[in-house]
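# Structural characterization, general
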Amino acid sequence: MRKANWFAYQYSKPPARLISRSSSFSLLPASTEYELSAFCVTTPGASLKLPKMPEATPTFGIAADIALGLILQKKINSQWIYCSDADAQLPDDYFSLDEQSTSVAASLPFTHVGTPGLLLDATTLYEHAIRYYTQGLRFAGSDYGFLSLGSALAVKATAYAKVRGFNLKEAGEDFYLLNKLAKIGTIATPDSSPIRIAARLSNRTPFGTGACVAQMCALPTLNDFTYYSPACFHMLKFWFDQ
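Now for a description of the structure that goes with this document. Bear in mind that the values here come from a model prediction, so they are computed numbers and not experimental data.

### A look at unusual backbone geometry
Although it is not a glycine, Lys74 adopts a positive phi angle of roughly 65°. Assessed through its relative accessible area of 69%, Lys74 is described here as exposed. Positive phi values are uncommon outside glycine, yet Arg164 reaches one of about 65°. For Arg164, the location among the structural elements is in the loop between α3 (157-162) and α4 (173-181). Residue classification places Arg164 among the exposed positions, given a relative accessible area of 75%.

Here it is as structure tokens:
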């Protein structure tokens, strides 16, 4: 088995081609086994520089589809497809999910970090809000009481294939994927070390963490931020209990 620091995939429809920096970008022999530590997704003709993509390009789906193919070809030993962001700080036990787990996905622990100030305060408040929302759903007895954050997500390969992967949505692809997966199995919430996610604004998508935090920062004060009333979850629980 050869070792390499990283590789690059050229993505085209179809197929994806594996190219190696250490072999002058020549195609790797199919019979050769490589011990990869990372790989990069790029488009044909772009060398190793990622081109500017449309705002809603489903890059999660591209990378996860490639990972699924490598798992099915037994090029990757793990059955888990891990999803995160480039600026997320991953803990030492990140790649430690139980390979024998019957769960179809995992919502991983996370926390937002950054320079003290309005941006971090708004992001922390938003994080508290979505945790409150998730706890409210669990209190009501919903099967959807889990956090859906794309930078803190892992999916079993077989389950990913069963629900046909990520949707081609402008935003919330993590939310839509987990909602599909929750219909066929359990979403695990492991007690592992948290992923440290950088607090930042974003206008890439019409909703989500970055967009909501930007709206919060534009409020006169963060005390003006409102969220779901607890009564909503009591009413939902009443309905579920009928």
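This is not the end of the story, as more comes after the structure.
### Quick notes on the nonpolar core
Counting residues in hydrophobic clusters, the biggest one holds 22 residues, and the most contacted among them are Leu97, Leu108, Phe110, Ala154 and Ile195. Going through the elements one at a time, β6 (80-83), α2 (118-140), β11 (195-198) and α5 (209-217) are the ones with two or more residues in this core. Ranked by residue count, the leading element in this core is α2, at four residues. If near-sequence neighbours (up to four positions away) are discounted, Leu97 is found in contact with Trp80, Tyr82, Ala106, Leu108, Ala154 and Pro190. Of all hydrophobic cores here, the second largest spans 21 residues; its members include Ala67, Leu68, Val155 and Ala159.

Cut-offs applied
Residues numbered from 1 in each chain as written. Predicted model: local features only at pLDDT ≥ 70, side-chain atom pairs only at ≥ 80, totals over all residues. Heavy atoms only, no water. Buried < 20%, exposed > 50% of the residue type's maximum accessible area, 1.4 Å probe, protein only. Helix = DSSP H or I, 4+ residues; strand = E, 2+ residues; numbered from the N terminus. Core = buried A, V, L, I, M, F, W, Y, C linked by side-chain atoms within 4.5 Å. Contact = heavy atoms within 4.5 Å.

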